[in-house]
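Examining the three-dimensional arrangement
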Amino acid sequence: MKAIILAAGLGTRLKPATDSVPKALITVGGTPLLEYNLKYLAAQGVTQFIVNVHHKADMVEDFLQRNGSFGLDVTISDEREQLLDTGGGLKHAAWFFDDGKPFLVYNVDIITSLNVQQLYAHHVQSDSVLATLAVSHRSSSRYFLFDAGHRLYGWRNVKTGEERRALTTTKELILMAFNGIHVVNPEIFSHLHAFGDKFSIVDAYLSLAAERYIAGYDMQGEQWLDAGTPEMLKKANELMLPTAQ
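Model, not experiment: these values are computed from the prediction.

Overview of the overall build of the chain
Broken down by element type, the chain carries 6 helices and 14 strands. Taking 2.2 N^0.38 as the reference for a compact globule, 245 residues should give roughly 18 Å; the C-alpha atoms of the chain span a radius of gyration of 17 Å, in line with that estimate. With the C-alpha coordinates aligned to their principal axes, the bounding extent of the chain is approximately 55 × 40 × 35 Å. Put simply, 75% of the contacts in the chain that link residues at least 6 apart link residues at least 24 apart. Carbon and sulfur atoms make up 47% of the accessible area of the chain, which amounts to about 11100 Å² in all. Counting 22 positive and 27 negative side-chain charges, the chain places the averaged centre of each group 4 Å from the other.

Structure (structure tokens):
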């Protein structure tokens, strides 16, 4: 299994810490987030990684070089010239996913107990699904909208009332929060030409969902934390899951 770890962000929610250290090297339980997730995903069956970098990219590259990439196969996707957002970052790394197999997309600031192998197997068993998004019933300001069969229909910001629909329906839709973990078929790259260089993968999913099946995968019962804010970083340190060895 191949994976891209999205680590290029500015980490603005973690300022002032990220003024001097990239988000990927912020520590949780004494371990940098990037190291933790490389080891965690390797234990889950990921054999090849690509990590995108922008903010303080040299520090991330130096960290990996000093540690021999922890004995893992890690490639850098360089976004030093321009931060490309989640969709653009994925598109920029398309060359890496050349084996025709689905791959994992994973935000560097996620701490979870999710069985990634099960998520991957679930996606593979669903031949018609372009992407499978790990979601859960948790409090958030923004939600994806799914039908009872977990097909993506739209998106809603409950604070602003903004709503975007990919498909129209009279069915009651279920609100679920996206957890920054997804399995994607490489076919998606043939659909991304119209989005330019810099765009959100959420925008791409909402556009593609009108024609292609984008599915949700309920993470019910699994631990999950976004360590991208000071409050959640503190909680992550308190509830740190054991680092995969």
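Topic: the environment of Leu 34
Inspection of the secondary structure puts Leu 34 in helix H1 (residues 33-43). Using a relative accessible area of 0% as the deciding quantity, one classes Leu 34 as buried. It is 9.7 Å that separates the C-alpha atoms of Leu 34 and Ile 110, two residues lying 76 residues apart in sequence. In contact with Leu 34, other than residues within four places in its own chain, are Ile 5, Ala 24, Val 51, Val 60, Phe 63, Leu 64 and Val 108.

Here's the deal with the packing of aromatic side chains
Within this structure, the stated rule accounts for 10 aromatic pairs. With centroids separated by 5.6 Å and ring planes inclined at 55°, the aromatic side chains of Phe 63 and Phe 70 adopt a geometry described as tilted. Ring centres of Phe 96 and Phe 97 lie 5.2 Å apart, and the angle between their planes is 90°; this geometry places the pair in the edge-to-face category. Counting every residue linked through ring pairs, the aromatic cluster contains Trp 95, Phe 96, Phe 97, Phe 103 and Phe 189. The aromatic ring of Phe 96 is capped on one face by Lys 2, whose charged end is 4.7 Å from the ring centroid.

Focus on the side chain of Thr 112
Within the element layout of this structure, Thr 112 appears in strand S7 (residues 110-112). The class for Thr 112 is buried, based on a relative accessible area of 0%. Within the structure, the side chain of Thr 112 is placed 2.7 Å from the backbone oxygen of Gln 223, a separation counted as a polar contact.

Looking at the pattern of salt bridges
Enumeration according to the criterion identifies 14 salt bridges in this entry. As a salt-bridge pair, Asp 109 and Lys 23 come within 3.2 Å of each other at their nearest N and O atoms. Taken as a pair, Asp 109 in the loop between strand S6 (103-107) and S7 and Lys 23 in the loop between strand S1 (2-6) and strand S2 (27-28) lie far apart in primary sequence, 86 residues in all. An identical accessibility class is assigned to Asp 109 and Lys 23; each is buried. Across the salt bridge formed by Lys 39 and Glu 35, the nearest N and O atoms sit 2.8 Å from each other. A residue pair is termed a helical-turn pair when its members lie 3 or 4 positions apart in one helix, as Lys 39 and Glu 35 do in helix H1 at 4 residues. Look at Lys 39 and you get partly exposed, because its relative accessible area is 22%. With a relative accessible area of 15%, Glu 35 lands in the buried category.

Examining the environment of Glu 35
In this structure, the C-alpha to C-alpha distance between Glu 35 and Ser 69, residues 34 residues apart in sequence, is 8.5 Å. Glu 35 has contacts with Phe 63 and Phe 70, leaving out every residue within four places of it along the chain.

Overview of the pairing of strand S10 (residues 152-157)
Within S10, 5 of the 6 residues are buried, leaving the element largely enclosed by the surrounding structure. Taken together, strand S9 (residues 142-146) and the strand that follows it, S10, pair antiparallel across an intervening segment of 5 residues, in which His 150 is found at a positive phi of about 65°. In terms of strand pairing, S10 meets strand S11 (residues 163-165) through 3 bridges, oriented antiparallel. If you follow Gly 154 over to S11, its bridge partner there is Arg 165. Taking the residues that link successive antiparallel strands as the turn, the S10-S11 hairpin has 5 residues, and the phi of Gly 161 there is positive, at about 85°.

Calculation criteria
- Residues numbered from 1 in each chain as written.
- Predicted model: local features only at pLDDT ≥ 70, side-chain atom pairs only at ≥ 80, totals over all residues.
- Heavy atoms only, no water.
- Helix = DSSP H or I, 4+ residues; strand = E, 2+ residues; numbered from the N terminus.
- Rg over C-alpha atoms; globule rule 2.2 N^0.38 Å.
- Contact = heavy atoms within 4.5 Å.
- Areas by Shrake-Rupley, 256 points an atom, 1.4 Å probe, with all protein chains shown as cover.
- Lys, Arg positive; Asp, Glu negative; His and termini not counted.
- Charge placed at Lys NZ, Arg CZ, Asp CG, Glu CD.
- Buried < 20%, exposed > 50% of the residue type's maximum accessible area, 1.4 Å probe, protein only.
- Phe/Tyr/Trp six-rings, centres within 6.5 Å; stacked < 30°, edge-to-face > 60°.
- Lys NZ or Arg CZ within 6 Å of the ring centre and 35° of its normal.
- Polar contact = N/O pair within 3.5 Å; in protein donor to acceptor, adjacent residues only side chain to side chain.
- Salt bridge = Lys/Arg side-chain N within 4 Å of Asp/Glu carboxyl O.
- Pairing = 2+ DSSP bridges.

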